[in-house]
Amino acid sequence: MTTAATARGSVRPTPPADKRKSVTGTRKIIAVGFLLPALVLLGALVVYPIGYSVYRSFFDQSGSGFAGIDNYKEIFTEDTILTAVKNNVIWVVVAPTVSTALGLIFAVLTERVRWGTAFKLIVFMPMAISMLAAGIIFRLVYEQDPGRGVANAVWVGVHDTFAESAGFPKARPLAVHPLEAGPGGSFVTKEPATAGKQVQLPLVGVAPDKMPSDAKPAKAAQPDDGKITGTAWLDFTKGGGGKPNTIDAKELGLKGIKVEAVRDGKVVASARAGADGTFSLPASAEGAQLRLPADNFREPYNGVNWLGPSLVTPAIIGSYVWMWAGFAMVLIAAGLASVPRELLEAARVDGANEWQVFRKITVPLLAPVLAVVLVTLMINVLKIFDLVFIIAPGSAQDDANVLALQLYRSSFGTDSNVGLGSAISVLLLLLVIPVMLFNIRRMRRESRR
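A quick note: this is a predicted structure, and the numbers were derived from the prediction, not measured.

A. Focus on the sheet that holds strand 9 (residues 278-281). Spatially, the three strands line up as an open sheet ordered 5-6-9, and their pairing is mixed. One side of each edge strand has no neighbouring strand; the edge strands of this open sheet are strand 5 (199-203) and strand 9. Taking the axes of each pair of neighbouring strands and ignoring which way they run, one obtains an average angle of 20° across the sheet. One ladder, built from four bridges, connects strand 6 (residues 228-234) with strand 9; its direction is antiparallel. Looking across to strand 9, one finds that G230 is bridged to F279.

B. Expanded view of the pattern of salt bridges. Inspection of the entire model under this criterion finds nine salt bridges. A salt bridge links E354 to R112; its shortest N-O distance comes to 2.8 Å. Within this pair, whereas E354 is found in helix 9 (residues 354-365), its partner R112 is found in the loop between helix 3 (79-110) and helix 4 (116-124), the two being separated by 242 residues in sequence. Given a relative accessible area of 54%, R112 falls into the exposed group. Residue E260 pairs with K258 through a salt bridge whose shortest N-O separation is 3.6 Å. A relative accessible area of 8% places E260 in the buried class. Sharing partners across several salt bridges, the network here consists of R112, E345, R348 and E354.

C. Just the nonpolar core, in detail. In terms of nonpolar packing, the biggest core is built from 56 residues, with W91, Y142, I316, Y320 and L387 touching the most fellow members. Listing elements by their share of this core, those giving two or more residues are helix 3, helix 5 (131-141), helix 7 (312-337), helix 8 (341-349), helix 9, helix 10 (367-382), helix 11 (386-391) and helix 13 (418-448). Looking at this core element by element, the count peaks at 15 residues for helix 7. Leave out the neighbours within four places in its chain, and I316 touches W91, L387, V388, I391, A392 and A400. Within the second largest apolar cluster, 28 residues are counted, among which are A171, I257, A269 and F297.

D. Summary view of the environment of V85. On the secondary structure map, V85 appears in helix 3. A residue is classified by how much of its surface remains accessible, and V85, at 22% relative accessible area, is partly exposed. Taking C-alpha positions, V85 is 9.6 Å from Q406, a pair spaced 321 residues apart along the chain.

E. Region of the structure containing the packing of aromatic side chains. Considering all chains together, one arrives at 20 aromatic pairs under this definition. Seen in terms of ring centroids, F187 and F297 are 5.1 Å apart; in terms of plane orientation they differ by 80°. Their pairing is edge-to-face. Of the two residues, F187 is situated in strand 4 (residues 187-189) and F297 in the loop between strand 10 (289-292) and helix 7; the sequence distance between them amounts to 110 residues. Exposure remark for F187: the relative accessible area of 13% places this residue in the buried category. Note on F297: relative accessible area 11%, which makes it buried. Cluster of aromatic residues (ring-pair linked, three or more members): Y48, Y52, Y55, F59 and F66.

F. Quick peek at the side chain of Q406. Mapping Q406 onto the fold places it in helix 12 (residues 403-412). At a separation of 2.6 Å, a polar atom in the side chain of Q406 contacts the side chain of N401. Discounting residues that sit within four places of it in the chain, Q406 has contacts with T80, I81, A84, N401 and I424.

G. Seen up close, unusual backbone geometry. Phi at N245 is positive, roughly 65°, even though this residue is not glycine. In this fold, N245 is placed in the loop between strand 6 and strand 7 (258-263). A relative accessible area of 23% places N245 in the partly exposed class. One non-glycine residue, D264, adopts positive backbone phi at about 55°. Among the secondary structure elements, D264 is positioned in the loop between strand 7 and strand 8 (266-272). On the basis of relative accessible area, D264 is assigned to the exposed category, the value being 76%.

Procedures and definitions
- Residues numbered from 1 in each chain as written.
- Predicted model: local features only at pLDDT ≥ 70, side-chain atom pairs only at ≥ 80, totals over all residues.
- Heavy atoms only, no water.
- Pairing = 2+ DSSP bridges.
- Helix = DSSP H or I, 4+ residues; strand = E, 2+ residues; numbered from the N terminus.
- Axes fitted to C-alpha atoms, helices over the stretch in contact; angles between N-to-C directions.
- Salt bridge = Lys/Arg side-chain N within 4 Å of Asp/Glu carboxyl O.
- Buried < 20%, exposed > 50% of the residue type's maximum accessible area, 1.4 Å probe, protein only.
- Core = buried A, V, L, I, M, F, W, Y, C linked by side-chain atoms within 4.5 Å.
- Contact = heavy atoms within 4.5 Å.
- Phe/Tyr/Trp six-rings, centres within 6.5 Å; stacked < 30°, edge-to-face > 60°.
- Polar contact = N/O pair within 3.5 Å; in protein donor to acceptor, adjacent residues only side chain to side chain.

See the structure below:
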C-alpha cells in the first residue's frame, strides 16, 4: 500500500481512487449549487432577453408576420435612424478620446502641485451625480437666454468685451419728430444740418433696461462756430406730461448712439453722443443730412444656440466629458503612481525635457491603463441615452439622436415598432461585442506577463 506524508511527518494510507473521485464530484456539485442562482439570474435577465430580441427582430410591428431582414434594412435607410448611427460614431470617436486625454493631463499635472488632491476631488465629484441630474444641470447651462444659461452668459460677456455692445433695439421716432425712416433700418433727418443751429434727434421706444446705466438727463447742445451740434435723447417722460421735440427735465440722453453726416450717399463725419445726449460734428458736416445708422438699433447679441441642430451633439458630449473626465483621471493617476520614478529621473539626467519624458516614457508606460479607460468609455458611450434624452429639446432631438434613444423611441413611442426596436438592440449588441472582445484579449495578454 502506498503511503503519504502528513504535515506532521506521520504516514497515512492514500485513499482509493474511487473515493478520491467521489470527493471531487461532491466539490463540483457544491460549486454548481453555489453558481446555480447566479446562472439562473444570468439566463433570465441576460441570455433570454438577448435571444428573444434577436428572434423578435425578424418579425413585423404586430409580431404576427415574419419580416425577414426588413427591420435591419430600415435601420440603414430611415433618415432618423441613420442620423442616430452617425451620431453614435461621433460619440465613440470623440467622447472617450477627449475624456481620456483630459484625464491624462489632469493626472500628470496634479501630481506636481500641492493642492492636487483637492483638484482631483473636484474633478471627480461629477461622477457622484446621476445622469438625470447632470442632464438637468446642463439643460439649464445651455439655455439660450444669457440671463439664465451660464454658457451664454459667459459667451456674451466675452463677445461684448471685444465688440460693441448692443445699442437701442426697437427705438424709433414719432411722426412729429424731425426724423424719418432711412434705408436698411436707419433714421435720417428730414432737413440738412446747418452750422450754429442745434439738431434735435429725439427717439422713443427704448425700454428702461436698455438705457445705459450711466445716462444723464439730456440737455441742449451749446452752439459752436462752424460745427454741427445737437442732442439725441429719449423723448419720453415717466408719468407723462412731457412735450414732443422738447427736452424735459426727466428725459435722458442716449449715451453712445452713433450719429453720421451723409452727403451724396457717403459718410463725411461721425460722432457719438455723450452721457447727456449731446454730440458735435466738424464743419465738413455742413449741409449734410444726419443719420442714425441701423447699428444703433440692432438686437443685442444673444449668444450661441447651443441646443440648435448644428451644436446639440457637441454640447451634449461636453456634458459627458464633464462627468467622465474625473473617472479617467482617477484610473490614470493610479497607474501613474506605479510608474518607476527612476526611469523618469534617468531620462531627465540624460537631457530629456519634460515634454519628451511625458511623450516617450510616461505615455508608453501608461498605455495599458489608457487602453482600459478608453475601452470602458467606448462601451459606455455606445449605450448613452439619459443625457441626450434630457438635454436635447424636442425640436433638436432628431439631430441629437443616438441608437439607444432611437431604440427607446421605436419600442415605446407613439407609433411603436417592437420589431424595429429589437433590430436596433441587436445592432447595439453587435457594436459592443468587438470592443468587449478586444478588452478581454488585452486582459489575457496582461495576465500572461
